[in-house]
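# Reading the structure
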Amino acid sequence: MTADIHSPTPPPDVQLHPLSRRMMHWINALAIIVMIGSGWRIYNYYPALPINFGFPNYLTLGGDFTLTEALNDEDGLANALAWHFGAMWVLVINFLAFVIVGFASGHFRRDFLPIGPRAFLSDLWAALRFKLDHSLGEYNAVQKVLYWGVLGVILLTILSGLSIWKPAQLKELTWLFGGYEFARVVHFFGMAAIVGFLFVHVALTILVPKTLVAMIFGRVPGASHAPKGDTK
Amino acid sequence: MTRPIVEPTPLVSQIERRLFLRQTLSVGALALLTGCDISDQDGVQKVLHAMSRWNDRAQAFLFRRQALAPTFAESDVVHNFRYNAFYPAADAPQLSAADFRLQLSGLIADKRPWTVEQIQALPQESQITRHVCVEGWSMIGKWAGPRLGEFLRRVGADLTAKYVGFQCADGYSGSIDMASALHPQTIMAVKFADETLPAKFGYPFKVRIPTKLGYKNPKWVTTIFVTNRMPGGFWEDRGYNWFGGS
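Small disclaimer: the values here were computed from a predicted structure and weren't measured. (Residues numbered from 1 in each chain as written. Chains lettered and ligands numbered in written order. Predicted model: local features only at pLDDT ≥ 70, side-chain atom pairs only at ≥ 80, totals over all residues.)

### Regarding the overall build of chain B
Looking only at helices and strands, chain B features five helices and 10 strands. A burial count over chain B gives 35% of its 246 residues as buried. (Helix = DSSP H or I, 4+ residues; strand = E, 2+ residues; numbered from the N terminus. Buried ≥ 20, exposed ≤ 12 C-beta atoms within 10 Å, placed from the backbone.)

Here you go:
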């Protein structure tokens, strides 16, 4: 690198995420958190899995039980359902917009493709040894696979959710998911995969805080290199 | 004297590790803050209520008037069907055919009350369908009884009205949209598993609607009324979605 550190002009900012993408990212984040929190409480009322497992109530969304009982004469499920079926619209509309814009703008093609199997394996090996470079604006093969994966899992979770919501009106969809009871299991594991993604996603953000700056402000002051995507 | 070349300690990674720990703590604190659940605040309740009304409209739009809810084989029928109400089975109403009269009110031309025998004498429709509870459990059962739509036509109900409401012997109440009331699978179930409907499942009849969630299937119905004014219902007044379609 030949940049003169005494140069009076600072290196140019790097534009990483346009405003539309940042907005959709944070709307999605909020909707997903509401869906997970309320979904955990709904799950607790009648677990889809045949094991003795429930989510701690303090991690669920739906209000205080005593207060709900006093105010609404109801034991705490109604709020969770109202959150779930309210945030559902935000999640679905925002997700569709994100996917359409992602394909139309070339963001997916430029940044999430291509993924070579060789690159994926070597990046995965590096990632598992915590040796993988995480540079702004450029996605390694593991990231690319994870982003496609989480997009697919969100779609699967939305569709299995619709088939639980409307096993009569959307019975063909419910049938595709192996019936009402099995659709609940698919919906649960879809959630689990999304939570797994969130752990990795947030951990990496903590390791490389600049990515958070980029997702809030769109650009990172003086980032040293231009992202692949924006150099034509 | 020659000394081995010592690589400088990777200070950076140590700092990053410390930073990682500190930032993990901040994220954890943020997560704990969300423990201050905002669900019970007035403004939030208003928004949730508005979204629920929006979902009523969306479900009415999705509702297919002639499409049937999935039906199942005799072998799928659950034999130990669950008793479900807001009180224990021992407190369930025990209605006698001698005393029972189904009252009709609202936008209905012929309001003469009906006896159990009269209801049972109407042409019956049998179905094996899945009962889906809002809590998430579901059970496949077999019900039979006259179609509610046929009954409403027979008594001269205003079929252009918006709502059909129910009042029950146990203080329960509910209401549904007219389109669902006229659906071919919406029946006044007088039979369960080929037997007279047992007291704990709503004798003399329960309104069985396989296109709606369990709480929209009232038992021990004593009054049916037709109205254009939203009647609400027992669980609907406690924050559950009114349309409750499945």
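### Remarks on the overall build of chain A
Helix and strand content of chain A: nine helices and two strands. Seen in sequence order, chain A has helices and strands lined up from the N terminus as β-α-α-α-α-α-α-α-α-α-β. Evaluated residue by residue, chain A yields a buried proportion of 28% over its 232 residues. Within chain A, residue pairs in contact and separated by at least 24 positions form 64% of the contacts whose partners lie at least 6 positions apart. (Contact = placed C-beta atoms within 7 Å.)

### Observations regarding the pairing of strand β4 (residues 163-168) of chain B
Residues and elements named next belong to chain B. Counting buried residues in β4 gives six out of six residues, a clear majority hidden from the surface. Burial along β4 is two-sided: Tyr163, Gly165 and Gln167 facing one way and Val164, Phe166 and Cys168 facing the other are all buried. The sheet contact formed by β4 and strand β5 (residues 173-177) spans five bridges and is antiparallel. By the bridge assignment, Val164 is partnered in β5 with Ile176. (Pairing = 2+ DSSP bridges.)

### A few points about the interface of chain B and chain A
Listed as interface residues are 32 residues of chain B and, on the opposing side, 34 residues of chain A. Listing elements by their share of the side of chain B that touches chain A, those giving two or more residues are α1 (11-33), α2 (42-62) and β2 (125-132) of chain B. The element contributing the most residues to the side of chain B that touches chain A is α2 of chain B, with five residues. Looking at the side of chain B that touches chain A, its residues break down into 13 nonpolar, 13 polar and six charged. (Nonpolar A, V, L, I, M, F, W, Y, C, P; charged D, E, K, R; others polar.)

### Quick notes on the nonpolar core
As a rule of thumb, nonpolar side chains are buried together in soluble globular proteins. Formed by 32 residues in total, the largest nonpolar core has its most connected members in Leu148, Met188, Ala189, Leu197, Val221 and Ile224 of chain B. Where this core is concerned, the elements lending two or more residues are β3 (138-145), α4 (148-154), β4, β6 (187-189) and β10 (221-227) of chain B. Look past the residues within four positions of Ala189 of chain B in its chain and what remains in contact with it is Trp143, Ala144, Gly145, Leu197, Phe205, Lys206 and Arg208 of chain B. In this structure, Ala78 and Trp165 of chain A together with Leu48 and Leu213 of chain B belong to the second largest nonpolar core, which totals 29 residues. (Core = buried A, V, L, I, M, F, W, Y, C linked by C-beta atoms within 7 Å.)

### Here we look at the domain arrangement of chain A
Residue and element names in this part refer to chain A. Partitioning chain A into domains gives domain 1 (14-47 + 58-87) and domain 2 (106-218). The C-alpha centroid of domain 2 is placed 20 Å from the C-alpha centroid of domain 1. With 11 residues of domain 1 at the interface, the matching set in domain 2 holds eight residues. Per-element accounting of the side of domain 1 that touches domain 2 gives the leading share, six residues, to helix α1 (residues 19-45). The class makeup of the residues in the side of domain 1 that touches domain 2 is six nonpolar, four polar and one charged. (Domains from an automatic or database assignment.)

### Some thoughts on unusual backbone geometry
Cis geometry is adopted by the peptide bond preceding Pro114 of chain A, which originates at Leu113 of chain A and carries an omega value of -5 degrees. Backbone torsion omega between Tyr203 of chain B and Pro204 of chain B reads 10 degrees, so that peptide bond is classified as cis. In the Ramachandran plot, Ala193 of chain B falls in the positive-phi region, its phi being about 50 degrees despite a non-glycine side chain. Topologically, Ala193 of chain B is positioned in the loop between β7 (191-192) and β8 (195-196). The backbone of Asp194 of chain B sits at a positive phi, close to 70 degrees, despite the residue not being glycine. Mapped onto the fold, Asp194 of chain B is located in the loop between β7 and β8.

### Describing the packing of helix α6 (residues 141-165) of chain A against helix α8 (residues 180-207) of chain A
Helix-helix packing is characterised by the crossing angle of the two axes and by the distance between the axes. Residue and element names in this part refer to chain A. In contact at an axis separation of 8 Å, α6 and α8 are set at 150 degrees when each is read in the N-to-C sense. As judged from the angle between their axes, α6 and α8 are roughly antiparallel. α6 and α8 meet at a crossing whose hand is left-handed. Across the interface between the two elements, Leu146, Val150, Val153, Ile154, Leu156, Thr157, Ser160, Gly161, Ser163 and Ile164 of α6 pack against Tyr180, Ala183, Arg184, Val186, His187, Gly190, Met191, Ala193, Ile194, Phe197 and Val200 of α8. (Axes fitted to C-alpha atoms, helices over the stretch in contact; angles between N-to-C directions. Parallel < 35°, antiparallel > 145°, perpendicular 65-115°, else oblique. Left-handed = near helix turned anticlockwise from the far one by under 90°.)

### Regarding α8 of chain A
With 28 residues, α8 of chain A should cover 40 Å at 1.5 Å per step; its first-to-last C-alpha distance of 41 Å lies within 8% of that length. Residues of α8 of chain A that are buried: Tyr180, Ala183, Arg184, His187, Gly190 and Met191 of chain A. Taken together, the buried residues of α8 of chain A touch α1, α6 and α7 (171-176) of chain A together with β2 and β3 of chain B. (Expected span 1.5 Å × (residues − 1).)

### A word on the sheet that holds β10 of chain B
Residue and element names in this part refer to chain B. Strand order in the open sheet formed by four strands is β1-β10-β4-β5, and the pairing between neighbours is mixed. Of all strands in the sheet, those bounded by a partner on one side alone are β1 (103-106) and β5. Across the sheet, the axes of successive neighbouring strands diverge by a mean angle of 20 degrees, strand direction being ignored.

### Describing the environment of Phe197 of chain A
Residues and elements named next belong to chain A. In this fold, Phe197 is placed in helix α8. Of the residues examined, Phe197 has 17 C-beta atoms within 10 Å and is grouped as partly exposed. Between the C-alpha atom of Phe197 and that of Gln169, which follows or precedes it by 28 residues, the distance is 32 Å. Contacts of Phe197, omitting those with residues within four sequence positions, involve Leu146 and Val150.

### Comments concerning the sheet that holds β3 of chain B
Residues and elements named next belong to chain B. Here four strands make up an open sheet; going across it, the order is β2-β3-β7-β8 and the pairing antiparallel. What marks the edges here is a single partner per strand, and that holds for β2 and β8. Here β7 pairs with β8 via two bridges, running antiparallel. Following the sheet pairing, Lys191 is matched in β8 by Thr196.

### With respect to the environment of Gly141 of chain B
Residues and elements named next belong to chain B. Relative to the helices and strands, Gly141 resides in strand β3. A count of 22 C-beta atoms within 10 Å places Gly141 in the buried class. Through-space distance from the C-alpha of Gly141 to that of Leu159 is 29 Å; in sequence the pair is 18 residues apart. Setting aside residues up to four positions removed in sequence, Gly141 forms contacts with Val77, Val78, Phe81, His131, Phe192 and Ala193.

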